[in-house]
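Fold and contact review
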Amino acid sequence: MGDHLHESKDFLQRNAGNASILADANTSTSTVAMAMFFGTIIFTTTSLASRLWLTGLWRWRNGDPHDNTGKGNDKSQPLDTSSLPSIYSLLYHFTVFGLILFYSYICEHHPPHFQEVKTYDRDEFFFWMISVIVFAGGHTLRRNDEIEQKRRESGDTRNARGNVKDVSNLRKVQEYDETQSDATSSPENEVLNHCQTDEWKGWMQLTFLMYHYTHATEIYNGIRVMTTCYLWMTGFGNFSFFYMTNDYSITRVLQMVWRLNFLVFFLCLTHGNPYILYYICPLHTYFFFMVYAVMFIGKDRNYTKWWIRIKLGVLALIIFFVWDCDTGIFEMMHQLFLSNEPISGAPMGSRWEWYFRSYLDHWSTFLGMIFALNLSTVSLFYRKLEAQSMQSQWMGKCAMAAGMIFAFLLWAKGPLMYSKIEYNSTNPYFGFIPLVTYIYLRNLTPKMRSYSMEFLHNIGKTTLETYLMQHHIWLTTNAKTILVFLPGWPRVNLALVTYLYVLLSRKLHGLTLHLRGMLLPNDRGACINSLVCMALTLSGFYSAAFLLEGMNMISLPIVGIVSALSGILMYHTIIDLSWNAYRKSTQKKSVNGDDDDDYTAISQSERSEYSTEQESTDETIYSKTYPPLIGALVLLVLGLCWSELAAAGASAIGPLPVTCNAFVNDGMWIPIDGCNESTRGIAYRNFGSASYGSCVPPPNSYMWAWKKQPSYTHCRFGHRNEEKLKQILNRREVIFIGDSMTRYVYHASMQAMGIKSSGAYDATGPKHADISNTLFETTPINFKWAPLAVDQLTILKDINRLASEDTSFRPPDLIVLGGGAWDLLHLYATDEDRQSHAAVLNELEFEMRSARGLGVAVVWLIPTTINSQALNTEEKRDHMREEHMESMRWVYARSGILSASSFVIDGPAFTSSRVSESYDGVHYPPQVYSAGAQILFNALDWLLPPGIIEPVTPPRIGKMANPTFGVAMLILVIIGLVGCDGFLGFSYLSTLFAKGVMPHHLYHEAFSALLIRLGLRAPDMVGTQTKLNPWRLNTSPNSSHPTSAGVQFQRIKPHRENGLQSIEEISELLGFQNEVR
């Protein structure tokens, strides 16, 4: 019997890796298209680099002989299709981008080791969070101006507010501020300054990532608030940009959509995933367009006090009727684009998934817009408070803080404590409470506004990339399992994987911005041309992949050939268009030394050396023919790496292959240290235990584990929980037939499926009887008492007979048989008994094969190990010792019982090492049989075809609507808009103790300063008595706007060409009603 199993195992182990070599034949069409697309780019880039090297022009590849980075300038320039350095830079960055995507594909689909299951330890989660925050605060706390200085030195020209590059207007604002009695401000200590928002995003992203990595489901409600904050910042940031720049060009829209979707677009194509799987990106894109539409409509009147507020009020009503009322509007808006078909990331269909995701934060972006609109008032509110006496200042601040903290505590004691499903319905209406509380307290003093944690600030700059790439290169299986490079070393593995993850995420951030600068410059025509070319190129490769799939020709060699042919065509096209001009330009620069200031400073002898070098680089047959060969060689190496990783690596999470039949019984019992630090902490926190009385050795301190198997076997065994078993066994029928050993495995199976009372000791019930259970309301799982082989044969015959005679009879999907112990004890004493038993086994073997012919999976349970010393009767000690049972196991193997089975559960495999725990010589504690049950459950992956998928009926769109809470939100919106308060009314609490800080009274003064920033006002006309004067006095008779006094006004040069142009508009600006003082 043992040799039979080992021979099968050896055969399957020799052939287990073969199936994985062809695993790429099952990849999606888009994956094949991306392989050809990036293969072509890599071929072309390598070929161009080789030609530059062979001709001695390598140092000129970026137009700068002193740049040895291979990347050119960090700041990207618009693509010039006639310039070889520009084309090479584009291809180089796309090559790096493609290689990172290739790495993500390998990590997701062919990782070097089996993925690990997430485990949660509250103590460990908070240890890591506190450690990082302490490190960030203790070692990287910097003044914002220091952080901004580093950013400017690195070449990042972004400003704190919406890319406004005219800093002269910002200086005018500061000069104006200094003439007032308020505390002064600067961009570095402004409310929600650039450094602070990046820090905010950084610590939220850190928490978000740790939540995913550790599976910390208990903080789900808090994570939902962080998603709310991200979408709030979408409204805040984009509203600020449009308001400050008045730039509504198609170029701006395309650049923003590129930033949000470039990486996710290629991830979807590379991995064959639907867009909604990465739901953060569609949410940000969707609400970005909402902000854009609102700001674009009537944009020339956005700077009047009431027009912008009326628009936001109308938007609030639209949000109310779409999401807060069950009107059907949402479904009408989206039914053409979304469906009810289950897909990855949307098991209930994309329509419901999008409704659910958008509903959770349908007010978040809008509230961010309100805060951005009132930001000038909020900023002045802080400065007015801080300019007052210490007592008035802090009484006002504390009054407002008390109100916010009180609301926060109500939220923390109420909605935050709800279950996940209950909380989801409240998040749109209460999630803003911790958000505005954090903003207020984080900006409480000028010093707090002036400092940020640089470490978190740096994390915050790449939140989009770290969010997306966590799915594939930090975690795997779309963020459901842990990527493993160093099995057995979880913390060291975390350090290694995290280092690569952060490094590549930051690189992707730079690549996204660099490629955007090249392909989407501030030129509408160039943007459209770039996007059309990209769309046509990708469509061409997708069409090629589709044709290859239709002809069943998808394989790595074919993909490589197509990539090489396309690369040759692209390479020669680039050479024909740009090579001669490029050589002439480099020769001219090397002779004249006019490439840059550094080069002109070199000596004449060095300049002559450059000239001689250029003259000696005449192209040869080698420089013309070798580059494509080198490009093909690089493609070959990449293809071989892909093939080897596919063959030797593990696979994406999925059903176990049938080859795992050889390994599923190979396991061991591992001793558990119950007194380690982790378990002691859990015991103290959850059960109030101060110390343990027992640790190891046993009893019952062991855990079943499978032995390590090579990754290429794809045999990633693991514990199957109730949810997983429900998916496998839904609407199936299972029958256990056998003796008490089989019955104990049955009880262990029932316990794993949620019936914890199965097998409980009950002296009043029948000992030998059938047992019936129906699980999940759809799956009957029964036990038939059949201790003898003849009993098992009778039951199996009846099943086969009914299946052949009655067409309406549906045989069970799985039959688990086991026996031998009772035959050995009662019917195996004489030769006649043995002959009779052999005849029964022959018939049983035949019936087992017949059942398999009917589509039934038949499993045989080999009798477990006998503890001879513990046998409690003389008869058992005489006839059923372990040596006797081993002989019986051989009898069953020689009779063909094992070979007739679909699968064999090796009883001694999970009992031999625990034989001393067999209390009566035959039976074991229930925990031991759980190993046999888990062996069976893992085998179900190949024993049973894919489970029956129930028709999905998604919940009704509009189900989550809550008009009552929606009306409450409308009231808060009115307070924020009419009261000019970004804190939605909380600011008015400070007026109880501080004078002159009423938000709506601050509006005129606050927006006067804002108009200076926008170039709509002259600072020299602003004083304590001049609330609004965007015009200079002009006595010229040719002036275009006479007043009743004969005095005319001249418009100061606006910050934008499409600024406000009429006196009527200016007189209504900010609601001053023609008030000019």
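Quick caveat: nothing in here was measured; it's all calculated off a predicted structure.

This part is about the sheet that holds strand E1 (residues 116-117). Pairing within the open sheet is antiparallel, and its 3 strands lie in the order E1-E5-E4. Here the strands that pair on one side only, and so sit at the sheet edges, are E1 and strand E4 (475-476). Judged from the 2 bridges that link them, E1 and strand E5 (residues 481-482) form a sheet pairing that is antiparallel. Bridged to Val117 within E5 is Thr481.

Time to look at the environment of His714. The residue His714 is located in the loop between strand E7 (702-706) and helix H31 (722-729) in this model. On the basis of relative accessible area, His714 is assigned to the buried category, the value being 17%. For the pair His714 and Phe114, spaced 600 residues apart in sequence, the C-alpha to C-alpha distance is 7.8 Å.

Within the largest apolar cluster, 186 residues are counted, with the highest numbers of intra-cluster contacts made by Phe94, Phe266 and Phe983. Tallying contributions element by element places helix H9 (residues 220-245) first for this core, with 15 residues. Excluding residues that lie within four positions of it along the chain, Phe266 makes contacts with Met34, Phe37, Phe38, Phe94, Phe97, Leu101, Met534 and Leu538. One finds Ile781, Phe783, Trp785 and Ala931 within the second-largest nonpolar core, a separate group that totals 48 residues.

Turning our eyes to something else, we now look at the side chain of Thr270. When you line up the elements, Thr270 lands in helix H10 (residues 250-271). A distance of 2.7 Å separates a polar side-chain atom of Thr270 from the backbone oxygen of Phe266. With residues up to four places along the chain from it excluded, the contact list for Thr270 reads Thr31, Met34, Leu101 and Tyr105.

What follows covers unusual backbone geometry. A positive phi angle, near 50°, is found at Leu192, a position not held by glycine. Following the sequence through the fold, Leu192 ends up in the loop between helix H7 (167-178) and helix H8 (194-214). Non-glycine residue Arg731 carries a positive phi angle of around 60°.

Across the chain, pLDDT averages 84, with 83% of residues at or above 70. For the stretch residues 65-73, pLDDT sits under 50, and the model shows 26 contacts to residues farther than four places along the chain or on other chains. Of the regions scoring below 50 in pLDDT, residues 159-181 engages in 45 contacts with residues more than four places distant in sequence or in other chains.

Pairing between the strands of a sheet is mediated by backbone hydrogen bonds and can be parallel or antiparallel. Here we have 6 strands laid out as an open sheet, ordered E9-E10-E8-E11-E12-E13, and mixed in their pairing. Since the sheet does not close on itself, it has two edges, and those belong to strand E9 (771-775) and strand E13 (903-905), each with one partner. Averaged over all pairs of adjacent strands, the angle between strand axes in this sheet comes to 15°, irrespective of strand direction. Each of strand E8 (734-738), strand E10 (779-785), strand E11 (814-818) and strand E12 (857-861) is contacted by helix H33 (residues 789-805), which is oriented at about 165° to E11, the strand it contacts most.

Right, let's talk about the state of the cysteines for a bit. Disulfide: a covalent bond formed between the sulfur atoms of two cysteine residues. Throughout the structure, instances matching the rule amount to 1 disulfide. Disulfide pairing is shown between Cys660 and Cys715; the S-S distance is 2.0 Å. The disulfide joining Cys660 to Cys715 has a torsion of about -105° about its S-S bond and is therefore left-handed. Separated by 55 residues along the polypeptide, Cys660 in the loop between helix H29 (621-648) and strand E6 (667-671) and Cys715 in the loop between E7 and H31 bring together distant segments of the chain.

Turning our attention to a nonpolar patch on the surface. Judged by side-chain polarity, Trp53, Leu54, Ile621, Tyr622, Tyr626, Leu629 and Ile630 come together as a nonpolar surface patch covering roughly 760 Å² of accessible area. Counting only elements with at least two residues in the nonpolar patch, the list comes to helix H3 (29-54) and H29. Note that Tyr626 resides in helix H29.

What follows concerns the pairing of E8. Counting buried positions along E8 gives 5 out of 5 residues, so the element sits mostly inside the fold. The two faces of E8 match: Val734, Phe736 and Gly738 on one face and Ile735 and Ile737 on the other face are all buried. With 5 bridges connecting them, E8 and E10 associate as parallel partners. Counted as the bridge partner of Ile735 is Asn782 from E10. Judged from the 5 bridges that link them, E8 and E11 form a sheet pairing that is parallel. Each residue of the ladder has a partner; that of Val734, found in E11, is Leu814.

Right, let's get into the environment of Pro521. In this fold, Pro521 is placed in the loop between helix H24 (490-519) and helix H25 (524-550). Spatially, the C-alpha atom of Pro521 lies 9.5 Å from that of Ser76, the residues being 445 residues apart in sequence. Residues in contact with Pro521, not counting those within four places in the same chain, are Pro78, Thr251, Gln255, Arg516, Ala526 and Cys527.

Moving on, we get to the side chain of Arg351. By the element assignment, Arg351 lies in helix H14 (residues 350-360). Among the polar contacts listed, one links the side chain of Arg351 to the side chain of Glu331, at a separation of 3.3 Å. Leave out the neighbours within four places in its chain, and Arg351 touches Phe330, Glu331, Gln335, Leu338, Ser339, Asn340 and Ile957.

Here we take up the packing of aromatic side chains. A full pass over the atoms with the stated rule returns 71 aromatic pairs. Ring centres of Phe37 and Phe38 lie 4.9 Å apart, and the angle between their planes is 75°; this geometry places the pair in the edge-to-face category. Both residues of the pair, Phe37 and Phe38, count as buried. Seen in terms of ring centroids, Tyr286 and Trp354 are 5.1 Å apart; in terms of plane orientation they differ by 75°. Their pairing is edge-to-face. A residue pair is termed long-range when its members are at least 10 positions apart, and Tyr286 in helix H11 (residues 280-296) and Trp354 in helix H14 qualify at 68 residues. An aromatic cluster is built from Tyr286, Phe287, Trp323, Phe330, Trp352, Trp354, Tyr355, Tyr359, Tyr429, Phe430 and Phe965, whose rings are joined through pairwise contacts. One residue, Arg252, lies across the ring of Phe241, its end atom 3.6 Å from the ring centre. Its guanidinium or amino end placed over the ring of Tyr220, Lys420 lies 4.8 Å from that ring's centre, counting from NZ or CZ.

So, how was this worked out
- Residues numbered from 1 in each chain as written.
- Predicted model: local features only at pLDDT ≥ 70, side-chain atom pairs only at ≥ 80, totals over all residues.
- Heavy atoms only, no water.
- Pairing = 2+ DSSP bridges.
- Helix = DSSP H or I, 4+ residues; strand = E, 2+ residues; numbered from the N terminus.
- Buried < 20%, exposed > 50% of the residue type's maximum accessible area, 1.4 Å probe, protein only.
- Core = buried A, V, L, I, M, F, W, Y, C linked by side-chain atoms within 4.5 Å.
- Contact = heavy atoms within 4.5 Å.
- Polar contact = N/O pair within 3.5 Å; in protein donor to acceptor, adjacent residues only side chain to side chain.
- pLDDT = per-residue confidence, 0-100.
- Axes fitted to C-alpha atoms, helices over the stretch in contact; angles between N-to-C directions.
- Disulfide = S-S within 2.5 Å.
- Patch = residues over 30% accessible without salt bridge, like charges linked within 9 Å, V, L, I, M, F, W, Y side chains within 5 Å.
- Areas by Shrake-Rupley, 256 points an atom, 1.4 Å probe, with all protein chains shown as cover.
- Salt bridge = Lys/Arg side-chain N within 4 Å of Asp/Glu carboxyl O.
- Phe/Tyr/Trp six-rings, centres within 6.5 Å; stacked < 30°, edge-to-face > 60°.
- Lys NZ or Arg CZ within 6 Å of the ring centre and 35° of its normal.

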